[in-house]
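Residue-level structure breakdown
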Amino acid sequence: MTSPQFAKVIVDAPLPELDYAVGDGVLPRVGDRVLVPLGPRKVVGIVTGLADTTEVPAGKIKSVLRVFNEVKPLRAEWLKTMAFAADYYLRARGEAALSALPPFFRLPATPAYEKRLEKLRELKTKKIAYEPAPVLNDEQQAAADAVSSSTGYAPFLLFGVTGSGKTEVYLHIIESVLAKDPQAQVMLLVPEINLTPQLEARVRARFAQATVVTMHSSLTPAQRARNWLAVHEGRARILVGTRMAVFASFQKLSLVIVDEEHDPSYKAGEGMRFSARDVALKRAFDNKIACVLGSATPSLETWQQVRIGQYKRLTLSRRAVASAHLPDMQLIDMSKRKPAVFAEEVKEAVTQAIEAGGQVLIFINRRGYAPVISCTACGWVTRCVHCSGFTVFHKTEKRLVCHHCGSRYGVPERCPVCGNAEILPVGTGTQRIEEAIEALWPQARVLRIDRDSVRSKSAAESAFESVHAGSVDIVVGTQMIAKGHDFKRVSLVVVLNADAQLMSPDVRAEERLYATLMQVAGRAGRAERAGRVLIQTRYPNHPVYDDMKAQSYERFAERLLREREEAASPPFCRQALLTAQAKTLDRALGFLRRARSKAEALAGDDVFVYEPVPMPLMRLKDWERGQLLVEAGSRARLHAFLAAWSAAMSVPDSRDAGTDWSIEVDPADI
Ligand SMILES: [Zn+2]
Ligand SMILES: [Zn+2]
């Protein structure tokens with residue numbers, strides 16, 4: 001028997017599999033990384049198959065230059081995941097697969113490659129005091145048992161109100177999975193690791209012996225390579241990570257957990273725009289294992305799967321600390337009053353809470369000082385010259401900042417249009433609220449938590465630490481404060497501008513507002529203190545507030561799903577969004593109109609093609625942008641259509657010069 005002569009290799013480029021001769025050197029295995037010539041460059045590729053023959057003429061075939069066989073090959077399961085993701089999200093398989101590897105394994109080897117590789121195998125583990133597992137209440141125990149005793153592919157929704165002890169259930173399930181099989185590995189996905197240091201710490205404290213590693217964007221390249229390798233070689237038993245971790249390579253993936261599965265950060269905003277939750281479910285399916293989706297406010301997609309019996313629902317209806325109570329929610333109608341940052345009764349409640357020794361959390365969904373600076377005479381407002389958005393006034397730096405592209409501007413002394421010297425901040429952001437609080441409660445110790453005040457993981461940790469320690473009376477912040485923190489001393493939560501989100505044109509705006517507010521409200525009364533939540537709104541009769549006061553996610557979800565079903569919008573249809581950007585809007589829309597006529601020719605009865613429109617944020621970083629939405633009744637139908645459509649759009653057309661386009665499958669924002 002002769003050994004194969006050719007290797008099929010995928011590379012990080014929009015190309016199909018390429019054939020290379022394997023020559024006299026070491027024969028690569030399927031899943032090995034190899035160094036191959038690509039045009040004038042040498043690049044790292046992944047072997048996806050071996051063959052005895054090739055279509056490439058003998059004179060044209062190039063050879064594999066090196067096989068990186070110091071590391072185990074990538075497993076077939078991983079290659080299958082990446083192929084699925086590439087096909088589903090309309091990427092070349094090589095682009096998807098290579099971009100999922102840390103740079104150390106994706107780029108051509110440096111001279112000291114072997115030596116550096118050996119160093120990467122030394123895992124640095126911190127000694128952490130072991131924390132024994134607490135006893136679960138009966139609901140938690142039933143949930144943990146249901147998952148631990150499941151066999152094969154088993155998707156679960158762990159539906160638990162905030163403070164009901166979902167994390168403890170995860171830890172019990174992980175414990176039982178690891179105990180059953182010494183090779184078993186677990187993937188635990190979290191929305192944003194900087195905001196959830198408590199979860200990581202709890203996992204480490206519980207599994208002191210098992211190796212726990214993390215994967216997220218704040219790691220250095222060396223840390224990322226080290227942790228990736230530990231999971232790939234099966235040395236790490238537990239991987240805690242953000243959405244990028246869903247593409248990690250495991251030896252024996254045995255359990256998948258997605259915490260806060262509804263969180264928008266699971267959807268990638270650039271590059272391959274995948275949903276980590278959906279890929280996690282697919283990996284559980286391929287590995288025939290359990291997948292636990294945890295949330296107090298599940299996505300409507302997940303809730304619908306529960307309704308039709310695809311996912312099994314496990315409910316935690318009580319707060320885990322027996323004496324903790326669900327907070328009392330109250331709406332403060334701001335519609336018939338003079339505009340003010342705080343209503344009178346809110347001021348009183350804050351004063352009382354502080355005097356009683358509790359902490360107050362003030363939530364506002366906008367960082368910075370004020371949204372805009374405006375001219376009192378002509379109405380001129382500050383705008384970004386590169387985007388169609390306003391710039392936000394940041395008082396501490398005395399700068400106007402565009403939150404879309406990051407551009408910074410000086411603050412003009414007078415109106416550039418009419419010369420009026422009276423230009424004033426309009427609206428409120430976290431910085432302005434902080435100032436108002438300091439004026440109203442000069443004795444109180446105030447801490448602001450947002451992306452400007454807390455830029456690094458350690459800054460976030462120390463900020464949250466000071467809240468826990470009780471050295472802060474009032475915390476003012478954005479949704480950063482809403483994530484899973486156990487603030488045991490918080491007795492009052494104030495929500496200032498919920499309405500802004502309610503007025504957003506995004507189809508998911510209401511869903512997100514509900515999730516955010518329930519999360520914020522969940523910060524109140526987590527321990528023995530009774531919690532109170534005050535929501536200032538100009539629209540107290542909006543149905544979302546009724547659902548919120550009833551504290552019934554079911555009621556909320558059923559109402560929204562009825563609306564969605566009537567409108568045949570997701571999850572009752574499948575969508576894809578084509579976006580195009582060019583230097584002028586005419587060019588972008590011209591491209592989309594041609595794309596639309598190609599789509600009409602391919603669509604048939606069951607694919608609906610909308611009209612091209614400018615994007616909500618039309619100009620971004622000097623690009624003018626338009627979009628075109630398509631809908632289909634099923635995934636299969638949508639993908640059959642998209643394959644034909646993107647092929648039709650890839651045919652070169654001189655009118656498309658200077659226009660970039662991309663298709664997002666299952667878009668999150670429309
Ligand atoms: Zn003016
Ligand atoms: Zn901008």
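What counts and how
- Residues numbered from 1 in each chain as written.
- Chains lettered and ligands numbered in written order.
- Predicted model: local features only at pLDDT ≥ 70, side-chain atom pairs only at ≥ 80, totals over all residues.
- Heavy atoms only, no water.
- Helix = DSSP H or I, 4+ residues; strand = E, 2+ residues; numbered from the N terminus.
- Rg over C-alpha atoms; globule rule 2.2 N^0.38 Å.
- Areas by Shrake-Rupley, 256 points an atom, 1.4 Å probe, with all protein chains shown as cover.
- Lys, Arg positive; Asp, Glu negative; His and termini not counted.
- Charge placed at Lys NZ, Arg CZ, Asp CG, Glu CD.
- Core = buried A, V, L, I, M, F, W, Y, C linked by side-chain atoms within 4.5 Å.
- Buried < 20%, exposed > 50% of the residue type's maximum accessible area, 1.4 Å probe, protein only.
- Contact = heavy atoms within 4.5 Å.
- Phe/Tyr/Trp six-rings, centres within 6.5 Å; stacked < 30°, edge-to-face > 60°.
- Polar contact = N/O pair within 3.5 Å; in protein donor to acceptor, adjacent residues only side chain to side chain.
- Pairing = 2+ DSSP bridges.
- Donors = N, O, S within 2.8 Å, 3.2 Å for Na, K, Ca; no water.
- Tetrahedral: all angles 85-135°; square planar, octahedral: opposite > 155°, others 65-115°.
- Axes fitted to C-alpha atoms, helices over the stretch in contact; angles between N-to-C directions.
- Parallel < 35°, antiparallel > 145°, perpendicular 65-115°, else oblique.
- Left-handed = near helix turned anticlockwise from the far one by under 90°.
- Domains from an automatic or database assignment.
- Buried area = accessible area lost by both parts, 1.4 Å probe.
- Salt bridge = Lys/Arg side-chain N within 4 Å of Asp/Glu carboxyl O.
- Expected span 1.5 Å × (residues − 1).

On to the overall build of the protein chain. Counting its secondary structure elements, the protein chain contains 19 helices and 28 strands. Against the compact-globule benchmark of 26 Å for 670 residues, the protein chain has a radius of gyration of 27 Å, which places it among compact chains. Total accessible area on the protein chain stands at roughly 29,500 Å², and carbon and sulfur atoms take up 53% of it. Charged side chains of the protein chain number 89 positive and 76 negative; the gap between the two group centres comes to 4 Å.

A word on the nonpolar core. Core analysis: the largest hydrophobic core is formed by 120 residues, its most contacted members being Phe105, Ile535 and Trp645. Excluding residues that lie within four positions of it along the chain, isoleucine 535 makes contacts with Met329, Gln330, Leu331, Ile332, Val495, Ala498, Leu517, Tyr545 and Met548.

Our next topic: the packing of aromatic side chains. Here the structure, examined in full by the defined rule, presents 18 aromatic pairs. Seen from their ring centres, phenylalanine 342 and tryptophan 441 are 5.6 Å apart, and the 80° between their planes marks the pair as edge-to-face. With phenylalanine 342 in the loop between β13 (328–333) and α11 (344–355) and tryptophan 441 in the loop between α12 (430–440) and β20 (446–449), this residue pair connects regions lying 99 residues apart in the sequence. Classification of tryptophan 441 as buried rests on a relative accessible area of 9%.

Relative to the assigned elements, lysine 180 resides in helix α6 (residues 166–180). A distance of 2.8 Å separates the side chain of lysine 180 from the backbone oxygen of serine 148, its partner in a polar contact.

Glancing now at the sheet that holds strand β17 (residues 399–401). In space, the three strands of this open sheet follow the order β16-β17-β18, with antiparallel pairing throughout. Two strands bound the open sheet, and with one partner strand each, they are β16 (392–394) and β18 (408–409). For β17 and β18, the ladder comprises two bridges, and the chain directions are antiparallel. Looking at the pairing, valine 401 lines up with arginine 408 of β18.

For the rest of this paragraph, the subject is the coordination of the zinc ion (ligand 2). Four donors placed tetrahedrally around a metal ideally meet at 109.5 degrees, and six donors placed octahedrally ideally meet at 90 or 180 degrees. Around the zinc ion (ligand 2), the protein supplies Cys384 (SG), Cys387 (SG), Cys402 (SG) and Cys405 (SG) as donor atoms, at distances of 2.3 to 2.4 Å. Around the zinc ion (ligand 2) sit four donor atoms, and with donor-metal-donor angles ranging over 105 to 113° the site reads as tetrahedral. Here the donor residues of the zinc ion (ligand 2) share one chain and are spaced in sequence as C-x2-C-x14-C-x2-C. Placement of the pair is cysteine 387 in the loop between β15 (372–375) and β16 and cysteine 405 in the loop between β17 and β18, with a sequence separation of 18 residues. Using a relative accessible area of 1% as the deciding quantity, one classes cysteine 387 as buried.

It is worth spelling out the packing of helix α18 (residues 585–603) against helix α19 (residues 635–649) at this point. Axis separation between α18 and α19 bottoms out at 10 Å; the angle between their running directions is 130°. With respect to each other, α18 and α19 are oriented oblique. Crossing angle aside, the handedness with which α18 passes α19 is right-handed. On α19, the residues that touch Phe591, Ala595, Lys598, Ala599, Leu602 and Ala603 of α18 are Arg637, Phe641, Ala644, Trp645, Ala648 and Met649.

Here the residue pair proline 570 and proline 571 is connected by a cis peptide bond, since its omega of 5° sits within 30 degrees of zero. The residue proline 571 is located in the loop between α17 (553–567) and β24 (574–582) in this model. Non-glycine residue leucine 90 carries a positive phi angle of around 60°. Mapped onto the elements of the fold, leucine 90 is located in the loop between α1 (76–88) and α2 (93–99). A relative accessible area of 30% places leucine 90 in the partly exposed class. If you check the backbone angles, lysine 288 has positive phi at about 55° while not being a glycine. Position of lysine 288 among the secondary structure elements: in the loop between α9 (276–287) and β11 (290–295). Under the relative-accessibility criterion, lysine 288 is labelled exposed at 60%.

Another aspect to go through is the coordination of the zinc ion (ligand 1). Looking at the zinc ion (ligand 1), the protein donor atoms are Cys375 (SG), Cys378 (SG), Cys415 (SG) and Cys418 (SG), and they sit 2.3 Å from it. Geometry at the zinc ion (ligand 1) is tetrahedral, judged from the four donor atoms that bind it and their angles of 105 to 115° at the metal. Every donor residue of the zinc ion (ligand 1) comes from the same chain, spaced as C-x2-C-x36-C-x2-C. Of this pair, cysteine 378 sits in the loop between β15 and β16 while cysteine 418 sits in the loop between β18 and β19 (423–426), and the two are 40 residues apart along the sequence.

So, on to the domain arrangement of the protein chain. When the domains of the protein chain are assigned, the result is domain 1 (6–120), domain 2 (138–316), domain 3 (328–370 + 427–563) and domain 4 (574–665). Between domain 1 and domain 2, the C-alpha centre-to-centre distance is 29 Å. Tallying the contact residues gives 27 residues for domain 1 and 24 residues for domain 2. Each partner contributes to the roughly 2,300 Å² buried at the junction of domain 1 and domain 2, and carbon and sulfur atoms together form 63% of this total. Three residues, Glu77, Tyr89 and Leu120, lead the burial of domain 1 against domain 2; their summed loss comes to 26% of the area buried on that side. Across the domain 1-domain 2 interface, the total number found is two salt bridges.

In this section: helix α15 (residues 509–521). Residues spaced three or four apart along an α-helix point in a common direction, a consequence of the helix completing one turn every 3.6 residues. In this model α15 runs 18 Å from its N-terminal to its C-terminal C-alpha over 13 residues, within 8% of the 18 Å that 1.5 Å per residue would give. Counting buried residues along α15, 12 of its 13 residues qualify, which places the element largely inside the surrounding structure. When we look at burial in α15, the residues that qualify are Ala509, Glu510, Glu511, Leu513, Tyr514, Ala515, Thr516, Leu517, Met518, Gln519, Val520 and Ala521.

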